Amino acid sequence: MTDAIPAVREAPDTPRGPYLAALIAGQVLAVITLIIWAVVAVVTVIAAATEGSVGAWIFGGLVLLYPLWPIGFSVAAWRSWGRGRWTWAVALMILAFAPAVILAVIMTLSAV
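Residues numbered from 1 in each chain as written. Predicted model: local features only at pLDDT ≥ 70, side-chain atom pairs only at ≥ 80, totals over all residues. Heavy atoms only, no water.

Chemist: Explanation requested: the overall build of the protein in the structure shown.
Modeler: What the protein contains, in helices and strands, is four helices and zero strands. In sequence order, the protein lays out its α and β elements as α-α-α-α. Every one of the 112 residues in the protein was classed for burial, and the buried ones make up 22%. Total accessible area on the protein stands at roughly 8300 Å², and carbon and sulfur atoms take up 75% of it. (Helix = DSSP H or I, 4+ residues; strand = E, 2+ residues; numbered from the N terminus. Buried < 20%, exposed > 50% of the residue type's maximum accessible area, 1.4 Å probe, protein only. Areas by Shrake-Rupley, 256 points an atom, 1.4 Å probe, with all protein chains shown as cover.)

Chemist: Can you walk me through the confidence of the model for the protein in this structure?
Modeler: The predicted coordinates should not be examined in detail at positions where pLDDT is low. Here the protein averages 83 in pLDDT, and 88% of its residues register 70 or above. The least confident element of the protein, judged by mean pLDDT, is helix H2 (residues 54–65) at 83; the most confident is helix H3 (residues 68–82) at 92. (pLDDT = per-residue confidence, 0-100.)

Chemist: Would you mind showing me how to read a nonpolar patch on the surface here?
Modeler: A cluster of nonpolar residues, Leu-20, Ile-24, Val-28, Leu-29, Ile-32, Ile-36, Val-40 and Trp-78, forms a patch on the protein surface that exposes about 660 Å² of accessible area. The element that contributes the greatest number of residues to the nonpolar patch is helix H1 (residues 17–51), accounting for seven residues. Its location among the elements puts Val-28 in helix H1. On the basis of relative accessibility, which here comes to 47%, the residue Val-28 falls in the partly exposed class. (Patch = residues over 30% accessible without salt bridge, like charges linked within 9 Å, V, L, I, M, F, W, Y side chains within 5 Å. Salt bridge = Lys/Arg side-chain N within 4 Å of Asp/Glu carboxyl O.)

Chemist: Which parts of the structure should I look at to understand the packing of aromatic side chains?
Modeler: Evaluation of the coordinates by the stated rule reveals three aromatic pairs. An angle of 35° between the planes, with centres 6.0 Å apart, marks the rings of Tyr-19 and Trp-86 as tilted. In this pair, Tyr-19 sits in helix H1 while Trp-86 sits in helix H4 (residues 86–111), placing the two residues 67 residues apart along the sequence. Residues Trp-81 and Trp-86 carry aromatic rings whose centres are separated by 6.0 Å and whose planes lie at 40° to one another, so their mutual orientation is tilted. In this structure an aromatic cluster arises from ring pairing among Tyr-19, Trp-81 and Trp-86. (Phe/Tyr/Trp six-rings, centres within 6.5 Å; stacked < 30°, edge-to-face > 60°.)

Chemist: Any chance you could explain the environment of Ser-80 here in plain terms?
Modeler: Relative to the elements of secondary structure, Ser-80 occurs in helix H3. In this structure Ser-80 comes out as buried when scored by relative accessible area, which is 11%. C-alpha of Ser-80 to C-alpha of Ala-91: the two residues are eleven residues apart in sequence and 10.0 Å apart in space. For Ser-80, the contacting residues outside a window of four places in its chain are Arg-85, Trp-88, Ala-89 and Leu-92. (Contact = heavy atoms within 4.5 Å.)

Chemist: Quick question: what am I supposed to make of the side chain of Ser-74 here?
Modeler: Inspection of the secondary structure puts Ser-74 in helix H3. Setting aside residues no more than four positions away along its own chain, Ser-74 makes contact with Gln-27, Ala-30, Met-93 and Ala-96.

Below, the structure written as structure tokens:
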């Protein structure tokens, strides 16, 4: 009784190349932000230890937790890619390095 099974309509083949290139570029940017984070984290912890206040340690702890953001979104992006949700994968990868870009823009505009 195969009549009860609905016909599966195959989607037309869409090129995955641009999506994959955007995903890889986003991954590279996320890794670059983590390299910059490593330097900033060390300086922040040294400053928090010197300051000794609770606020400084809270800020230092938040800086130390930053890698969870890009790593989490990168994992979610590659999982979306594996499930065939290419647009979602690129959107999640953009979110992986968005805080670093926003912070860079704020710092650039404040220096002007």
